[in-house]
Amino acid sequence: MPLKEVKKELNGMDKPELVKIISEMYKKIPAVKTYLDIFATGEIEELAGKYKKEIEKYVYPNGRNLVLREAEARKVIRSVQKLKITELSVELELHYVACCLDVIEDFGYWEENYYIALEKMFYSALSGINELGMEEKYNERLIEIVSKASDSDIELSY
């Protein structure tokens, strides 16, 4: 059903019906619960913490063979990006970049696609920061990331 028709249906409902539908969606659809929790409170820290742990689980090497699963971390970030909560996306993207830089520093990891993904994620975060007008809030963190990248001969700029 096209969005226009959905809006027409919703406009025809009274408030209790809308509350009931939204409540059911909240209970049954995790992405809706996440979105509405942030919408209602404006707080992203707790949710960001949960996703950061998940990102770390995938980015940092695991086992004797030092298996990296950073592609899984990028999937987590893409699923969050679909929520269209830019500040949450920025937090996770910067965390991903910082974790990848740690892996490069600690293990000397070198793989071209890894570096390309890291750079794309950094510039995506930078775009979100600019969109939000939060350059001042993130300035120190960006300087740290750019400096750490430079130590590994990775050129990131903002």
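Residues numbered from 1 in each chain as written. Predicted model: local features only at pLDDT ≥ 70, side-chain atom pairs only at ≥ 80, totals over all residues. Heavy atoms only, no water.

Peer 1: Quick rundown of the overall build of the protein chain? Include the residues and the values.
Peer 2: What the protein chain contains, in helices and strands, is 8 helices and 0 strands. Across the protein chain, helices and strands are ordered from the amino to the carboxyl terminus as α-α-α-α-α-α-α-α. The globule rule puts the C-alpha radius of gyration for 158 residues at 15 Å, and the 19 Å found for the protein chain is more than 25% above it. Taking the principal axes of the C-alpha coordinates as reference, the protein chain spans close to 60 × 40 × 30 Å. (Helix = DSSP H or I, 4+ residues; strand = E, 2+ residues; numbered from the N terminus. Rg over C-alpha atoms; globule rule 2.2 N^0.38 Å.)

Peer 1: Describe the side chain of E93, naming the residues involved and giving the relevant values.
Peer 2: Locating E93 in the fold gives a position in helix α6 (residues 86-107). Despite being buried, E93 has no salt bridge partner; R141 is the closest side chain of opposite charge, sitting 9.6 Å away. For E93, the side chain forms a polar contact with the side chain of Q81, separated by 2.5 Å. When near neighbours in sequence (up to four residues on either side) are disregarded, E93 contacts I77, Q81, M121, S124 and A125. (Buried < 20%, exposed > 50% of the residue type's maximum accessible area, 1.4 Å probe, protein only. Lys, Arg positive; Asp, Glu negative; His and termini not counted. Salt bridge = Lys/Arg side-chain N within 4 Å of Asp/Glu carboxyl O. Polar contact = N/O pair within 3.5 Å; in protein donor to acceptor, adjacent residues only side chain to side chain. Contact = heavy atoms within 4.5 Å.)

Peer 1: How would you sum up the packing of aromatic side chains? Please name residues and give values.
Peer 2: This structure, assessed with the given rule, holds 3 aromatic pairs. The ring centre of Y51 lies 4.7 Å from the NZ or CZ of K50, which sits over that ring. (Phe/Tyr/Trp six-rings, centres within 6.5 Å; stacked < 30°, edge-to-face > 60°. Lys NZ or Arg CZ within 6 Å of the ring centre and 35° of its normal.)

Peer 1: Account for the packing of helix α2 (residues 15-28) against helix α3 (residues 30-41), naming residues and giving values.
Peer 2: Contact geometry for α2 and α3: axes closest at 5 Å, N-to-C directions at 115 degrees. By the angle between their directions, the pair α2 and α3 is classed as roughly perpendicular. For the pair α2 and α3, the crossing hand works out as left-handed. Where α2 approaches α3, its residues I22, M25, Y26 and K28 are matched on the opposing element by P30, V32, K33, L36 and D37. Looking at the contact of α2 with α3 residue by residue, the classes come out as 6 nonpolar, no polar and 3 charged. (Axes fitted to C-alpha atoms, helices over the stretch in contact; angles between N-to-C directions. Parallel < 35°, antiparallel > 145°, perpendicular 65-115°, else oblique. Left-handed = near helix turned anticlockwise from the far one by under 90°. Nonpolar A, V, L, I, M, F, W, Y, C, P; charged D, E, K, R; others polar.)

Peer 1: Which residues make up α6, and what values do they have?
Peer 2: Relative to the 32 Å expected for 22 residues at 1.5 Å per residue, α6 spans 31 Å between its end C-alpha atoms, a close match to the ideal helical length. Counting buried positions along α6 yields 16 of 22 residues, so the element is predominantly enclosed. Where α6 ends, the next residue or the one after it, G108, has phi of about 65 degrees, a positive value. (Expected span 1.5 Å × (residues − 1).)

Peer 1: Got a sec to walk through the layout of surface pockets? Specific residues and values, please.
Peer 2: Volume-wise, the largest pocket comes out at about 190 Å³. Taken together, T34, D37, I38, T41, E43, I44, E45, E46, L47 and K50 form the lining of the largest pocket. Broken down by secondary-structure element, the contributors of at least two residues to the lining of the largest pocket are α3 and α4 (45-59). Here the residues of the lining of the largest pocket are counted per class, giving 3 nonpolar, 2 polar and 5 charged. (1 Å grid on protein atoms, 1.4 Å probe; cavity = no way out; pocket = protein on both sides within 12 Å on 5 of 7 lines; lining within 4 Å. Points joined across faces, edges and corners; volume = space filled by probe spheres on them.)

Peer 1: Run through the environment of P61, naming residues and quoting values.
Peer 2: Following the sequence through the fold, P61 ends up in the loop between α4 and α5 (70-81). Once the C-alpha coordinates of P61 and V103 are considered, the two residues, 42 residues apart in sequence, prove to be 7.8 Å apart. Look past the residues within four positions of P61 in its chain and what remains in contact with it is L66, V67, L68, V103 and F107.

Peer 1: Mind laying out the nonpolar core, listing which residues take part and the relevant values?
Peer 2: The nonpolar side chains of a soluble globular protein tend to be buried with one another. Counting residues in each nonpolar core, the largest one holds 43 residues, and the members touching the most others are V59, L88 and Y96. Within the residue set of this core, elements represented by two or more residues are α4, α5, α6, α7 (112-132) and α8 (135-151). For V59, the contacting residues outside a window of four places in its chain are L68, E70, A73, Y96, C99, C100, V103 and Y114. (Core = buried A, V, L, I, M, F, W, Y, C linked by side-chain atoms within 4.5 Å.)

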